[in-house]
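Structure at a glance
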There are 2 protein chains.
Amino acid sequence: MHGMTSRDAPILECIPNFSEGRDLRIVDAIVDAIAGVPGVLLLRRESDEDHNRSVITFAGQPDAVVQAAVAGVAAAVDRIDLTRHKGAHPRMGAADVVPFVPIRGLTMDDAVAHARSAAERIWSELRVPVYLYEASALRPDHINLADLRRGQFEAIRESIATDAHRAPDIGGLSVHPAAGITAVGARKPLIAWNVLLDTSDVSIAKRIAREVRGSSGGLPTVKALGFAIPSKGYVQVSMNLTDYSTTPMHVAFEAVRRAADGAGVTILGTELIGLVPQDAIAATAGHYFGIREFSIERVLEPRIDSVDRTA
Amino acid sequence: MHGMTSRDAPILECIPNFSEGRDLRIVDAIVDAIAGVPGVLLLRRESDEDHNRSVITFAGQPDAVVQAAVAGVAAAVDRIDLTRHKGAHPRMGAADVVPFVPIRGLTMDDAVAHARSAAERIWSELRVPVYLYEASALRPDHINLADLRRGQFEAIRESIATDAHRAPDIGGLSVHPAAGITAVGARKPLIAWNVLLDTSDVSIAKRIAREVRGSSGGLPTVKALGFAIPSKGYVQVSMNLTDYSTTPMHVAFEAVRRAADGAGVTILGTELIGLVPQDAIAATAGHYFGIREFSIERVLEPRIDSVDRTA
């Protein structure tokens with residue numbers, strides 16, 4: 001019953017997104033490759049049929065996490081053919097995006113170093129070229145994932161050799177023929193969150209997404225896209241809150257709610273992808289209950305851990 | 001930087017309430033007595049001037065927590081004279097109530113055994129008689145704290161020798177002359193929570209408290225009292241949620257909000273006393289955001305800990 005990690009061991013998280021959400025044997029093989037690395041804790045896996053995409057969440061000892069990330073990408077490169085992939089979610093690689101997040105006892109610089117080490121191996125061992133994004137980026141026009149992924153796999157394949165912006169940060173001037181190109185990066189924890197709207201009219205989801213996202217003048221540090229979810233008959237506003245201390249969950253949610261109210265559409269519920277940081281959850285309770293002087297320090301279990309760690 | 005407790009060491013919590021919230025030198029002495037015991041993690045302290053009461057929250061190795069609880073009660077017995085104590089909150093002892101809560105690696109029976117061991121020492125070493133309440137109770141009419149404390153110190157002093165219900169579970173048939181009688185018990189985590197109302201009319205708080213509390217037909221597992229807070233010019237509905245899986249925070253809050261709306265009174269905010277369990281906070285976010293399939297398993301840090309512990 002003793003944990004793999006000591007109470008103060010550094011913990012790195014990785015949340016790779018793979019371009020397969022329908023054939024679960026393929027996803028199983030990727031998960032097995034990741035979870036089979038000693039020192040890695042598999043935290044969650046989820047596959048979405050409409051997006052045709054899977055998100056695996058794991059954490060643990062940093063070197064083990066890098067090893068597991070490369071192993072997961074290798075399993076995806078062996079099994080996913082992007083030339084035959086269709087799904088609602090934009091994608092450019094079999095392993096589409098591989099973010100590393102420093103959770104405990106690590107700086108962002110540490111996470112950047114681990115991300116680059118994974119990126120080097122993805123190119124040298126798997127021959128998949130890599131974009132380094134977010135905190136790992138080497139050039140300003142490669143920071144933002146949406147900028148890198150514009151036009152998706154097909155457009156990148158077409159112009160990677162001729163458009164300087166499209167050139168990978170590691171690897172040659174052509175995509176991997178079946179596995180495309182992978183974005184690897186280090187970033188702060190983000191909240192991947194879908195709001196489900198009771199309509200089949202995707203234009204409403206797209207309009208609300210445009211209204212709330214920062215890039216079109218909405219909420220800072222909020223990314224949003226509107227998707228049809230034909231298998232369920234509803235649409236979703238799919239958000240990434242990239243800095244929930246700037247725009248907390250309740251601010252994003254209430255903005256979508258107001259916009260949905262304005263469109264006369266009911267919210268059916270929300271879905272989290274991956275895991276949500278505990279301080280974002282605490283801030284939610286603090287807001288809705290108007291709790292005075294509230295923070296994660298007032299929550300029992302994290303408070304015990306934090307006092308114990310400094311004892 | 002290594003914690004005092006190993007990742008799987010059992011953890012007992014104790015949240016004694018002392019009848020002094022104004023003279024902080026006295027509260028400091030009590031806190032020092034508690035925090036000075038090796039193996040104890042002081043998590044929080046708070047003193048309320050209007051209630052004239054302090055709540056100390058600590059946790060750690062069970063035997064150390066029992067030792068610290070007895071040391072804290074001893075410091076209170078040395079310094080607090082209940083015959084001169086006035087405050088909004090009902091009280092019967094210098095150390096009024098000493099609950100123990102099993103947090104990790106302990107059953108409720110374990111916590112009951114620790115509570116009884118503390119109770120024996122409070123009587124044998126400090127000559128303060130003890131009621132054993134909640135899970136530790138030896139008789140059904142001693143389970144509920146409100147039943148034990150009815151009439152407070154003065155009524156208990158008067159009739160402890162003649163009223164069979166008033167007889168302590170441990171100790172003789174007279175209260176300690178200055179320190180009264182102490183309730184010691186084991187219980188599940190509870191949420192001690194005040195809703196602050198923008199009025200100086202305490203009858204409104206008392207009416208809302210009566211409306212929401214379980215004992216008068218309101219919400220199950222909710223206790224509530226209305227208090228005037230003259231130092232702040234407002235009133236409060238002071239709640240204990242003794243089983244937040246039965247009545248979650250949002251249900252209690254929305255009930256108070258509806259009653260306050262009905263009375264035409266604004267909620268100024270809320271105050272938590274002590275600490276709030278993380279699953280209650282997670283349930284709050286789950287409710288307000290309508291998050292599907294949400295639980296504490298979806299929150300990053302507790303998820304890492306729980307997977308790590310079983311790895």
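Just so you know, the residues in each chain are numbered from 1, in the order the chain's sequence is written. Key to labels: chains lettered from A, ligands numbered from 1, both in the order written. In view of the model being predicted, local features appear only for residues whose pLDDT reaches at least 70, and side-chain atom pairs are presented and counted only at 80 or more, with totals across whole chains, interfaces and linings using the full set of residues.

Moving on: the overall build of chain A. A run of H or I in DSSP counts as a helix once it spans at least four residues, and a run of E counts as a strand once it spans at least two, with each numbered from the N terminus. Looking only at helices and strands, one finds nine helices and 11 strands in chain A. Taken over C-alpha atoms, the radius of gyration is set against a globule rule of 2.2 Å times the number of residues to the power 0.38. Computed over the C-alpha atoms, the radius of gyration of chain A is 20 Å, within 12% of the 19 Å expected from 2.2 N^0.38 for a compact globule of 311 residues. Principal axes of the C-alpha set define a box for chain A whose edges measure 55 × 55 × 40 Å. Partly exposed residues are those whose C-beta has more than 12 but fewer than 20 other C-beta atoms within 10 Å; 20 or more makes a residue buried and 12 or fewer makes it exposed, with C-beta atoms placed from the backbone. Classification of the 311 residues of chain A by burial places 55% in the buried group. Throughout, a residue-residue contact means that the two C-beta atoms, derived from backbone geometry, are no farther apart than 7 Å. If you take every contact in chain A between residues at least 6 apart in sequence, the share linking residues at least 24 apart comes to 71%.

It is worth spelling out the interface of chain B and chain A at this point. In this complex, chain B contributes 44 residues to the contact, which on the side of chain A involves 44 residues. Elements with a contribution of two residues or more to the side of chain B that touches chain A: strand 3 (40-48), helix 7 (249-262), strand 11 (267-273), helix 8 (278-288) and helix 9 (300-310) of chain B. In terms of residues, the side of chain B that touches chain A owes the most to one element, helix 9 of chain B, which gives eight residues. Each residue receives one of three labels: charged for Asp, Glu, Lys and Arg, nonpolar for Ala, Val, Leu, Ile, Met, Phe, Trp, Tyr, Cys and Pro, and polar for the others, Gly being one of them. Per-class residue counts for the side of chain B that touches chain A are 27 nonpolar, eight polar and nine charged.

Of all 11 residues in helix 8 of chain B, nine are buried, a share of seventy percent or more. Every buried residue of helix 8 of chain B is accounted for by Q278, D279, A280, I281, A282, A283, T284, A285 and G286 of chain B.

This part is about the relation of the copies chain B and chain A. Superposing the copies works by least squares over the C-alpha atoms of residues that have pLDDT at least 70 in both of them. Least-squares fitting of chain B to chain A yields an RMSD of 0.0 Å, with the transformation described by 0.0 Å of translation along the axis and a rotation of 180°. What the rotation and shift describe, once combined, is the action of a two-fold rotation axis. Interface overlap between copies: 100% of the residues of chain B at the interface are likewise at the interface in chain A, consistent with a symmetric, same-surface contact.

Below, the discussion takes up the environment of D169 of chain A. Residue and element names in this part refer to chain A. Tracing the backbone through its elements, the reader meets D169 in the loop between helix 5 (152-159) and strand 7 (182-186). Separated by 25 residues in sequence, D169 and N194 have C-alpha atoms that sit 31 Å apart. Ignoring sequence-local partners within four residues, the contact set of D169 consists of V130, Y131, L132, L138 and H142.

Adjacent strands of a sheet pair through backbone hydrogen bonds, lying either parallel or antiparallel. Residues and elements named next belong to chain B. By definition, two strands form a pair when at least two bridges between them are found by DSSP. The four strands are arranged 9-10-8-11 in an open sheet whose pairing can be described as antiparallel. Every other strand in the sheet has two partners, leaving strand 9 (222-229) and strand 11 as the edge strands with one partner each. Taking each pair of neighbouring strands and ignoring which way they run, the sheet shows an average axis angle of 20°. Examined bridge by bridge, strand 9 and strand 10 (residues 234-241) share eight bridges and lie antiparallel to one another. Opposite K223, over in strand 10, you have N240 as the bridge partner. For every element, the axis is a line fit to its C-alpha atoms; helices are fit only across the contacting stretch, and the angle between N-to-C directions ranges from 0 to 180 degrees.

All names here are of chain A. Judged by pairing direction, the sheet is antiparallel, and its four strands sit side by side in the order 9-10-8-11 without closing on themselves. Strand pairing shows two members of the sheet lacking a second neighbour, strand 9 (222-229) and strand 11 (267-273), which therefore form its edges. The mean inter-strand angle of the sheet, taken between neighbouring strand axes irrespective of direction, is 20°. As paired strands, strand 8 (residues 191-197) and strand 11 are joined by six bridges and run antiparallel to one another. Within the sheet, the bridge partner assigned to V195 lies in strand 11 and is T270.

The next point concerns the packing of helix 6 (residues 202-212) of chain B against helix 7 of chain B. Two packed helices can be described by the angle between their axes and the distance between those axes. Residues and elements named next belong to chain B. Two elements in contact, helix 6 and helix 7, have axes separated by 10 Å at closest approach and are oriented at 135°. Considering their axes alone, helix 6 and helix 7 lie oblique with respect to each other. When you trace helix 6 past helix 7, the crossing you get is right-handed. The segment helix 6 lies against helix 7, with I208, E211 and V212 engaging A252, A255, V256, A259 and A260. In the contact of helix 6 with helix 7, the residues fall into seven nonpolar, no polar and one charged. Reported orientations rely on four angle classes, namely roughly parallel under 35 degrees, roughly antiparallel over 145, roughly perpendicular from 65 to 115, and oblique for the rest. Rotating anticlockwise by less than a right angle from the far helix to the near helix defines a left-handed crossing, while the corresponding clockwise rotation defines a right-handed one.

Time to look at the packing of helix 8 (residues 278-288) of chain A against helix 8 of chain B. For the pair helix 8 of chain A and helix 8 of chain B, the least separation of the axes is 8 Å and the interaxial angle reads 70°. One finds that helix 8 of chain A runs roughly perpendicular with respect to helix 8 of chain B. Like other packed secondary-structure pairs, helix 8 of chain A and helix 8 of chain B cross with a definite hand, here left-handed. Residues Q278, I281, A282, T284, A285 and Y288 of chain A of helix 8 of chain A lie in contact with helix 8 of chain B, whose contacting residues are Q278, I281, A282, T284, A285 and Y288 of chain B. For the contact of helix 8 of chain A with helix 8 of chain B, the class distribution of residues is eight nonpolar, four polar and no charged.

This part takes up the domain arrangement of chain A. Residue and element names in this part refer to chain A. Taken as a whole, chain A is organised into domain 1 (11-186) and domain 2 (191-276). Here the bounds of each domain stem from an automatic or database domain assignment. For domain 1 versus domain 2, the distance between C-alpha centres works out to 24 Å. Taken together, the contacts link 10 residues of domain 1 with nine residues of domain 2. Ranked by residues supplied to the side of domain 1 that touches domain 2, first place goes to strand 3 (residues 40-48) with three residues. Split into classes, the residues belonging to the side of domain 1 that touches domain 2 amount to five nonpolar, one polar and four charged.

Time to look at the pairing of strand 3 of chain B. All names here are of chain B. The sheet contact formed by strand 3 and strand 4 (residues 53-60) spans eight bridges and is antiparallel. Within the sheet, the bridge partner assigned to S47 lies in strand 4 and is S54. Linking strand 3 to strand 4, which pair antiparallel, is a turn of four residues; within it N52 sits at a positive phi near 50°.

Before going further, it helps to examine the environment of V184 of chain A. Residue and element names in this part refer to chain A. Note on placement: V184 falls in strand 7. C-alpha of V184 to C-alpha of D96: the two residues are 88 residues apart in sequence and 8.7 Å apart in space. Residues contacting V184, with those up to four places away along its chain left out, are V98, A115, A118, A119, I122, V130, L132 and S136.

This part is about unusual backbone geometry. Outside of glycine, negative phi angles account for most residues, and trans bonds account for most peptide bonds. All names here are of chain B. Backbone geometry places N52, a non-glycine residue, at a positive phi of 50°. Here N52 lies in the loop between strand 3 and strand 4. When the 19 C-beta atoms within 10 Å are taken as the criterion, N52 is described as partly exposed. In this structure, T221 is a non-glycine residue whose phi angle is positive, near 65°. T221 gets classed as partly exposed once you count the C-beta atoms within 10 Å, which come to 17.

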